[in-house]
Structures are given as structure tokens and as C-alpha cells.
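# Descriptive structure summary
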Amino acid sequence: MTDLPAAPDQHVPAPGDRSPHDRSQHDRNQHDPGLRDAFGRVRAEVAKAVVGQEGAVSGMIVGLLAQGHVLLEGVPGVAKTLLVRSLAAAMSLDTKRIQFTPDLMPGDVTGSLVYDASTGTFPFREGPVFTNVLLADEVNRTPPKTQSALLEAMEERQVSVDGDARLLPDPFFVAATMNPIEFEGTYTLPEAQLDRFLVKLTLDIPPRDVEWQVLRRHADGFVPRDVRSAGITPVVGVDEVLAAQRAVRAVGARDDVLAYIVDLARATRQAPSVRVGVSPRGATALLAAAKAWAWLTGYDAITPDHVQAMALPVWRHRLRVAADAELEGVGADGVLQQVLEQVRVPI
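About the thresholds
- Residue positions are counted from 1 within each chain, in the order its sequence is given.
- It should be noted that, the model being predicted, local features are given only for residues of pLDDT at least 70 and side-chain atom pairs only at 80 or more, the latter also being counted only at that level, while totals for whole chains, interfaces and linings use all residues.
- Hydrogen atoms and water are omitted, and side-chain values are computed over all heavy atoms in the structure.
- Secondary structure follows DSSP: runs of H or I at least 4 residues long count as helices, runs of E at least 2 residues long count as strands, and numbering of each begins at the N terminus.
- Partly exposed residues are those whose accessible area sits between 20% and 50% of the maximum for their type, while under 20% is buried and over 50% is exposed, using a 1.4 Å probe and protein chains only.
- Identification of polar contacts relies on pairs of N or O atoms within 3.5 Å, with a donor-acceptor requirement for protein atoms, meaning one able to donate a hydrogen and the other able to accept it, and with residues adjacent in sequence counted only if both atoms are side-chain atoms.
- Strands were regarded as paired on the criterion that DSSP finds at least two bridges between them.
- Axis geometry follows a simple rule: fit a line to the C-alpha atoms, using only the stretch in contact for helices, then measure angles between N-to-C directions, giving values from 0 to 180 degrees.
- Contacts are assigned to residue pairs that have any heavy atoms within 4.5 Å of one another.
- A side-chain nitrogen of Lys or Arg and a carboxyl oxygen of Asp or Glu constitute a salt bridge if their distance falls within 4 Å.
- Each aromatic pair joins two rings of Phe, Tyr and Trp (for Trp, the six-membered one) with centres within 6.5 Å, and gets the label stacked for planes under 30 degrees apart, edge-to-face for over 60, and tilted for any other angle.
- We call a charge positioned above a ring when the Lys NZ or Arg CZ atom is no farther than 6 Å from the ring centre and deviates by at most 35 degrees from the ring normal.
- Each nonpolar core is a collection of buried residues, namely Ala, Val, Leu, Ile, Met, Phe, Trp, Tyr and Cys, held together in the definition by side-chain atoms within 4.5 Å.
- Should an angle fall under 35 degrees it is called roughly parallel, over 145 degrees roughly antiparallel, and 65 to 115 degrees roughly perpendicular, with every other angle called oblique.
- When residues are sorted by character, Ala, Val, Leu, Ile, Met, Phe, Trp, Tyr, Cys and Pro go into the nonpolar class, Asp, Glu, Lys and Arg into the charged class, and all the rest, Gly among them, into the polar class.
- A helix is expected to span 1.5 Å multiplied by its residue count minus one.

## A short note on the side chain of Arg316
Structurally, Arg316 can be placed in the loop between α12 (304-315) and β11 (320-321). What makes Arg316 buried here is its relative accessible area of 7%. A polar atom in the side chain of Arg316 sits 3.0 Å from the side chain of Asp333.

## Structural notes on the sheet that holds strand β1 (residues 70-73)
Judged by pairing direction, the sheet is parallel, and its 5 strands sit side by side in the order β2-β5-β8-β1-β9 without closing on themselves. Of all strands in the sheet, those with a lone pairing partner are β2 (95-99) and β9 (199-202), marking the two edges. When the angles between neighbouring strand axes are averaged without regard to direction, this sheet yields 20°. On the sheet, helix α4 (residues 80-90) packs against β1, β2, β5 (133-137) and β8 (173-178) and is oriented at approximately 175° with respect to β5.

## Considerations on the pattern of salt bridges
The full count for this structure, using the stated rule, is 11 salt bridges. Between Asp220 and Arg216 there is a salt bridge, with its nearest N and O atoms 3.1 Å apart. For Asp220, a relative accessible area of 58% gives the class exposed. With relative accessibility at 39%, the residue Arg216 sits in the partly exposed group. Taken together, the salt bridges that share partners define one network made up of Asp195, Arg281 and Arg318.

## Brief notes about the packing of aromatic side chains
All told, the structure shown has 2 aromatic pairs when counted by the stated rule. On the basis of an interplanar angle of 75° and a centroid distance of 6.0 Å, the ring pair of Phe39 and Trp295 is categorised as edge-to-face. With Phe39 in helix α2 (residues 33-46) and Trp295 in helix α11 (residues 280-296), this residue pair connects regions lying 256 residues apart in the sequence. A relative accessible area of 0% places Phe39 in the buried class. Relative to Phe130, the ring of Phe124 lies with its centre 5.9 Å away and its plane at 70°, an arrangement referred to as edge-to-face. The ring of Phe124 carries Arg166 above its face, with NZ or CZ at 4.1 Å from the centroid.

## Here we look at the nonpolar core
Phe39, Met60, Met91 and Trp295 are the most contacted members of the largest nonpolar core, which has 83 residues in total. Among the elements that take part in this core, α11 stands out by supplying 10 residues, more than any other.

## Observations regarding α4
With 9 of 11 residues buried, α4 is to be regarded as a mostly interior element. Buried residues of α4: Lys80, Leu82, Leu83, Val84, Ser86, Leu87, Ala88, Ala89 and Ala90, and no others. Structurally, α4 contributes buried residues whose contacts are with α2, α3 (54-65), β1, β2, β5 and β8. Of the residues flanking the end of α4, it is Ser92, one or two places downstream, whose phi is positive at about 50°.

## Focus on the pairing of β5
Counted residue by residue, β5 has 5 buried out of 5 residues, so it is predominantly covered. Covered by surrounding structure in β5 are Val133, Leu135 and Asp137 together with Leu134 and Ala136, the residues of both alternating faces. Relative to β8, β5 runs parallel, the two sharing 4 bridges. Counted as the bridge partner of Leu135 is Ala175 from β8.

## Quick word on the packing of α2 against α11
For any two helices packed against each other, one specifies the crossing angle of their axes together with the interaxial distance. Between α2 and α11, the shortest axis-to-axis distance is 9 Å and the interhelical angle comes to 95°. Relative to α11, α2 is oriented roughly perpendicular. Contacts from Leu35, Arg36, Phe39 and Arg43 of α2 reach α11 at Trp293, Trp295 and Leu296. Its residues assigned to classes, the contact of α2 with α11 shows 5 nonpolar, no polar and 2 charged.

## Regarding helix α9 (residues 238-249)
Its 12 residues give α9 an end-to-end C-alpha distance of 17 Å, which sits within 8% of 16 Å, the value for a rise of 1.5 Å per residue. What α9 keeps buried is the set Val241, Leu242, Ala243, Ala244, Gln245, Ala247 and Val248.

## Looking at the environment of Ala292
Relative to the helices and strands, Ala292 resides in helix α11. Considered as a pair, Ala292 and Val251 are 41 residues apart in the sequence and their alpha carbons are 8.1 Å apart. Apart from residues no more than four positions distant in its own chain, Ala292 is found in contact with Val62, Leu65, Ala66 and Val248.

Structural data, given as C-alpha cells:
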């Protein structure tokens, strides 16, 4: 996410619910510096293919480790697709891509029952959503009915076909892309679906020196369709991702920091330029993202700094700015910056 420097929720057992072996394994996962360092190496591997988007890479990792999903917004050609494919390659995670179009049907996403003439049965054929990392390209180009099929997968970590629920792989992570400047042939994402994205990352046109580096790599033979040509090697796998997710859930939070998140959320609802502020679910989303960022940066508990670092990417798509304020050029990011400046920070 440019703002950072460089399944249904699973039950987390209380310490007394764990066996001694589970507790020791849990403690090793939470405090294992090797596991945390491995995700630092993930960022270095992605940087072999994606130049100048270090903040977005960090935001993607935060979304994955917090068991959330990420919405990537940027004009065509700023490496949104390449970013997702490179991240999946560095983590050795299965990945699939869906190009969303107006004629895409729900079954094209979830899968469907297909008649098998040899057996006379209707076996289920899995759709592309059965993967670890799903790239939903131009997600706002498909009708609401198909968007709702993706919504169930994102929220419930399952799909329902012909009355049967089928669980998706674990981990399951959706990275959806949107073009902010083209509206013809698009469908507005419903509020419920926007709320299912843990973070929204904006990818901007890179500065001149970074754009030169991109051209230099292409001149040297880099092929974006083949991330392996950039020399990306897997540094973590499914087991490490799941272990890191458990460690993130165990990151602590003091009562005064929780109260700070609540005060920030309530301040967004009282801001004069805001029509709809952050909901309680938005507050829990900020907590989850702050935990992931705290763990990645070597902390066992979140601090106000972690909360502030994650506030814009987690909340920018959850605010609804009043129409008259939008006409005056006020945006969600500006409102959130004001809230962060006005709300008292716990010492």
C-alpha cells in the first residue's frame, strides 16, 4: 500500500484450551523470527518483478496474514496483475485468474454441475475460485449476480452449488483490481462487497526514476507474463502462511489502544463531510490489519503507530463522503487524515 513505509473467522483457542504441545508450537510460531524474516524475503522476491510498489506489496501481505482480501485500484499498466502473480509465486501458492466481463455467470466463478454421459451423473466441476490466491481482474465489470457469488466465497470461504456447500482451500485470498477512470460498462460494487475487502490499495504512476528501472528490465529481456524470468523463487509455502496467520491472531492489544480504534471510528461518523462513517466491523478490520502490521514489524502487541499506518487503506473504501463535500474536492483519505490528527493518541 502506498500509505505504508517501504474463511469465516476461525476459533482461536484460549491458552487453557491448548495442550502443552499446542501451546509450545503456538509460542514458537508467534515469536519465531525466522518465520517473520521469511515474509521479509517475500517482499524482496516480489521486488525482482515489481518495481516501486513496496508499500502495495506490504499491504498485500498484511491482507493475506490478516485473513482478509485486497482491492487494488489503479490505471491500466501500473503492475496490478503482475503484483498478484509475483506474490503468489514467491509464496508457492496456487493462483488462478478471472477476467470479469458483463457476460460472466456465477457458475463461471464457483463451478457447476456438468453432465457426464459415460456415467449418467452430474459431477461438480470446480471453478477458478478453488485456489489459494484468486486474481479477480476488473471485478466491477460483472453484474451484481456474479459479484454476489464472489461475495459468498470471500465471506464464508465456501461456495454453494445445488444446495451443497463446498469449502474453499485454506488459505484463500482474493485480490481484485479496479480501473478508477473508466466507468462505461461497469457495475458499482455494492456496499456489502466493498466492506468484505480488508484493505483498498491505490497504485499510482511511478516517479521518473522508477519508470526508467521498469524500462531497463524490459530492455534486458524481462517478460511480465513469465514471473519466473525475473528470478522469483518461493520462500514460503502454505504451512508457513498458516503459521503466520496464527501468529498474527495472537498479537496482543492493550485496552487503551482498542479504545483509540473505537474513538477513531466514532470520529468518522461525526465528521461533517461524511455521510456514512466506519461501522463496528470496520473497527475490527482495522484491528486485524494493525495486528498483521505489528507482527511483520516485530511487535508482540499493536501500538497507536500500527493503527495509524493501517487506517487509510482499511477505511478509505468504507467511508461515504457527502455529495457537497465531494464537489469541493474532499475525499475519504483527506477526512481520515483529519480524524487521525484530531483524535487524542494514547500515551
